[in-house]
Amino acid sequence: MAWNEPGGGNNKGPNDPWGGGDQGPPDLDEALKKLQEKLGGIFGGKSGSGGGGSGGPAFSAPLLGVLALVALVVWGLMGFYQIDEQERAVVLRFGKYHETVRPGLQWNPPLIDEVIKVNTTKVRAVSFREIMLTQDENIVEVNMSVQYVIDDPDKFVLKVRDPEVSLQHAAQSALRHVVGDTGMDLVLTEGRAKIAADVQSRLQDYLNLYETGIRVSKVNVDDSKPPAQVQAAFDDVIKAREDEERVKNEAQAYANGIVPEARGAAQRQIEEANAYKEQVIANAQGEADRFSKLLAEYRKAPEVTRERLYLDAIQGVYGNTSKVMVDVEGGNNMMYLPLDKLAEQSQSRAMRSPTLDSNTLREITNMVTEQLRRDAASSGSTTRRGGR
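Residues numbered from 1 in each chain as written. Predicted model: local features only at pLDDT ≥ 70, side-chain atom pairs only at ≥ 80, totals over all residues. Heavy atoms only, no water.

### So, the overall build of the protein
Then, number 1: Looking only at helices and strands, the protein has ten helices and ten strands in total.
Then, number 2: Sorting the 388 residues of the protein into buried and exposed places 20% on the buried side.
Then, number 3: Of all intrachain contacts in the protein linking residues separated by at least 6 positions in sequence, the fraction that spans at least 24 positions is 55%.
Then, number 4: Here the protein displays about 27700 Å² of accessible surface, and carbon together with sulfur accounts for 55% of that area. (Helix = DSSP H or I, 4+ residues; strand = E, 2+ residues; numbered from the N terminus. Buried < 20%, exposed > 50% of the residue type's maximum accessible area, 1.4 Å probe, protein only. Contact = heavy atoms within 4.5 Å. Areas by Shrake-Rupley, 256 points an atom, 1.4 Å probe, with all protein chains shown as cover.)

In structure tokens:
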């Protein structure tokens, strides 16, 4: 039966923990006194004087040993922890640096040692935007990002209170120093890579001096631009600079096209002059050799050689003449040879027949000349006979 079930004149059951049969709220002092008596009995003490001198319940010594052993086992199990491959752990014993733990299963006494895990391979990044003056006293706005890793976990945890805040302050200081020594044109155009390299070098020197344990892996100047109030004027300046570069490139391209052509034309004229020189020399040497050989042949057969020279000369002269008048010796007839028509006929025949070489043409010429001489001789003999 519950202590608060109805029954009796005081509306309290026999199990009322507060005791007493009077009406009203429970006595807190009495409740605390009873609780103290129970706790004293658990730990082997005696109950208070209000308990009639009777002792509380007490645990035996073996039970206390078992409880102590269980507490020790639980305390020891709480000291095991795992360090991943990309992590290092800084161990503080009573708040003082004790050791740096490498990856693997580790144990440290709990409530005595404090273990702080640090990821040494994760690449962290911080970005910020600054407005500053350049060397030529112009205002620019620079957006920069810094990528870094924790290189020394001991210094990162112990040497600086907030290493990442120190990193931001050092990066801003390095950026202002580098931009302050650089002109505005380089900051806005092709000088960003050099600015980033200089900032990275200076920032790493600052961090090493502060002993933050941070190693900067990359610094990027994401954007650099003038303030919004003068952006339009800067755009005009940049456009004019681009037009200047474009005109320079066009002029250079034109020069690159004209100069090689002029050099080529000059070289071609030199080569043509050299070729003409070689041709004239070769022709002169050929004519001299031909004359020497012709002289030797003339000495052997003067009449034949003389006749051959005459025919070659006549052929050279008639070759440039469209009409030829032939006066036969001993006769009154004048022969007319239309060489232009004959040349056209010979060209048409040459298109239908194989080309004649110079030797064949010379033989044909000789045959025609002999035939003309025979005809002239026969006509002369007939004339003399008629005169008789």
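Still more ground to cover, so stick around.
### Quick notes on the pattern of salt bridges
Then, number 1: Evaluation of the coordinates by the stated rule reveals 14 salt bridges.
Then, number 2: Linking R129 and E141 is a salt bridge whose minimum nitrogen-to-oxygen distance equals 3.2 Å. Linking R129 in strand β6 (residues 124-133) with E141 in strand β7 (residues 139-150), this pair joins segments that are twelve residues apart in sequence.
Then, number 3: Here the residues in one salt-bridge network are D243, R246 and E250, joined through shared partners. (Salt bridge = Lys/Arg side-chain N within 4 Å of Asp/Glu carboxyl O.)

### Section: the sheet that holds strand β3 (residues 96-101)
Whether parallel or antiparallel, the strands of a sheet pair through hydrogen bonds between backbone atoms.
Then, number 1: Judged by pairing direction, the sheet is antiparallel, and its three strands sit side by side in the order β3-β2-β5 without closing on themselves. Single-partner strands in this sheet number two, and they are β3 and β5 (113-119). For this sheet the average axis-to-axis angle between neighbouring strands, irrespective of direction, equals 25°.
Then, number 2: Two elements, strand β2 (residues 87-93) and β5, share seven bridges in a ladder whose sense is antiparallel. (Pairing = 2+ DSSP bridges. Axes fitted to C-alpha atoms, helices over the stretch in contact; angles between N-to-C directions.)

### Structural notes on the layout of surface pockets
Then, number 1: One number sums up the size of the second largest pocket: a volume of about 200 Å³.
Then, number 2: As for the second largest pocket, its lining consists of R290, K293, L294, E297, K300, A301, V304, T305, R308, L309 and D312.
Then, number 3: Along the lines of polarity and charge, the residues of the lining of the second largest pocket split into four nonpolar, one polar and six charged. (1 Å grid on protein atoms, 1.4 Å probe; cavity = no way out; pocket = protein on both sides within 12 Å on 5 of 7 lines; lining within 4 Å. Points joined across faces, edges and corners; volume = space filled by probe spheres on them. Nonpolar A, V, L, I, M, F, W, Y, C, P; charged D, E, K, R; others polar.)

### With respect to the packing of aromatic side chains
Then, number 1: Scanning the entire structure with this criterion turns up two aromatic pairs.
Then, number 2: Seen from their ring centres, W75 and W107 are 6.2 Å apart, and the 85° between their planes marks the pair as edge-to-face. Here W75, found in helix α2 (residues 61-77), pairs with W107, found in strand β4 (residues 104-107); they are 32 residues apart in sequence, far enough to count as distant.
Then, number 3: Classification of W75 by relative accessible area gives partly exposed; the value is 27%.
Then, number 4: Under the relative-accessibility criterion, W107 is labelled partly exposed at 38%.
Then, number 5: Here F80 and W107 contribute two aromatic rings whose centre-to-centre distance is 6.4 Å and whose plane-to-plane angle is 55°, an arrangement assigned as tilted. (Phe/Tyr/Trp six-rings, centres within 6.5 Å; stacked < 30°, edge-to-face > 60°.)

### What to know about the sheet that holds β6
Then, number 1: With antiparallel pairing, three strands are arranged side by side in an open sheet as β6-β7-β8. This sheet does not close on itself; its edge strands, each paired only once, are β6 and β8 (214-225). Put simply, the sheet's adjacent strands are angled 25° from each other on average, direction ignored.

### With respect to the pairing of strand β1 (residues 80-83)
Within a regular beta strand, the side chains point alternately toward one face of the sheet and then the other, so they alternate between its two faces.
Then, number 1: Burial of β1 is one-sided: the residues Y81 and I83 facing one way are buried, the residues F80 and Q82 facing the other way are not.
Then, number 2: By the bridge criterion, four bridges tie β1 to β4 in an arrangement that is antiparallel. Residue Q82 lies in a different strand from β4, and its bridge partner there is L105.

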